[in-house]
Amino acid sequence: MKHTQYESEHTKFIKQLKEQTPGMEERQQAGRSLLWDKAPLSLDEQRRIDESRIRQQAYVYQTKY
């Protein structure tokens, strides 16, 4: 037997927040696209990025003598 009528307090809060704040989902999607939805890099760009990385020593805090 499924409980299809049940809504958690968290779900109710989120629904109420979305109703009270119009445009919130659009702003969330715009913010997400700033950080995550990026155009794919070309193979040349990927190669240049890989070649420009500086190799880190095994133990960072040890001085080189």
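Here goes a summary of the coordinates provided. (Residues numbered from 1 in each chain as written. Predicted model: local features only at pLDDT ≥ 70, side-chain atom pairs only at ≥ 80, totals over all residues. Heavy atoms only, no water.)

1. Re the overall build of the protein
Counting its regular elements, the protein contains 3 helices and 0 strands. Each helix and strand of the protein, ordered N terminal to C terminal, gives the series α-α-α. Here the C-alpha atoms of the protein give a radius of gyration of 24 Å, more than 25% beyond the 11 Å that 2.2 N^0.38 yields for 65 residues. On the principal axes, the C-alpha backbone points of the protein span a range of 65 × 30 × 30 Å. The 65 residues of the protein split such that 2% are buried. Surface summary for the protein: the accessible area is close to 7,200 Å², and the carbon and sulfur share equals 55%. Across the protein, 12 positive and 10 negative side-chain charges occur, with their mean positions spaced 6 Å apart. (Helix = DSSP H or I, 4+ residues; strand = E, 2+ residues; numbered from the N terminus. Rg over C-alpha atoms; globule rule 2.2 N^0.38 Å. Buried < 20%, exposed > 50% of the residue type's maximum accessible area, 1.4 Å probe, protein only. Areas by Shrake-Rupley, 256 points an atom, 1.4 Å probe, with all protein chains shown as cover. Lys, Arg positive; Asp, Glu negative; His and termini not counted. Charge placed at Lys NZ, Arg CZ, Asp CG, Glu CD.)

2. Side note on the packing of aromatic side chains
Evaluated as defined, the whole model comprises 1 aromatic pair. A ring pair is formed by Tyr59 and Tyr61, whose centres lie 6.1 Å apart and whose planes are at 70°; its orientation type is edge-to-face. For Tyr59, a relative accessible area of 51% translates into the label exposed. (Phe/Tyr/Trp six-rings, centres within 6.5 Å; stacked < 30°, edge-to-face > 60°.)

3. What to know about the pattern of salt bridges
In a structure, side chains of opposite charge can pair up when their charged atoms sit close to one another. Counted according to the given criterion, the structure contains 7 salt bridges. As a salt-bridge pair, Arg32 and Asp37 come within 2.9 Å of each other at their nearest N and O atoms. Residue Arg47 is joined to Asp44 by a salt bridge in which the shortest nitrogen-to-oxygen separation is 2.5 Å. One end of the pair, Arg47, and the other, Asp44, are both in helix 3 (residues 43-52), 3 residues apart, so they sit about a helical turn from each other. Shared partners join several salt bridges into a network, and the residues in it are Asp44, Arg47, Arg48 and Glu51. (Salt bridge = Lys/Arg side-chain N within 4 Å of Asp/Glu carboxyl O.)

4. Quick notes on the environment of Phe13
When you line up the elements, Phe13 lands in helix 1 (residues 9-20). Sequence separation between Phe13 and Leu41 is 28 residues; the distance between their C-alpha atoms is 39 Å.

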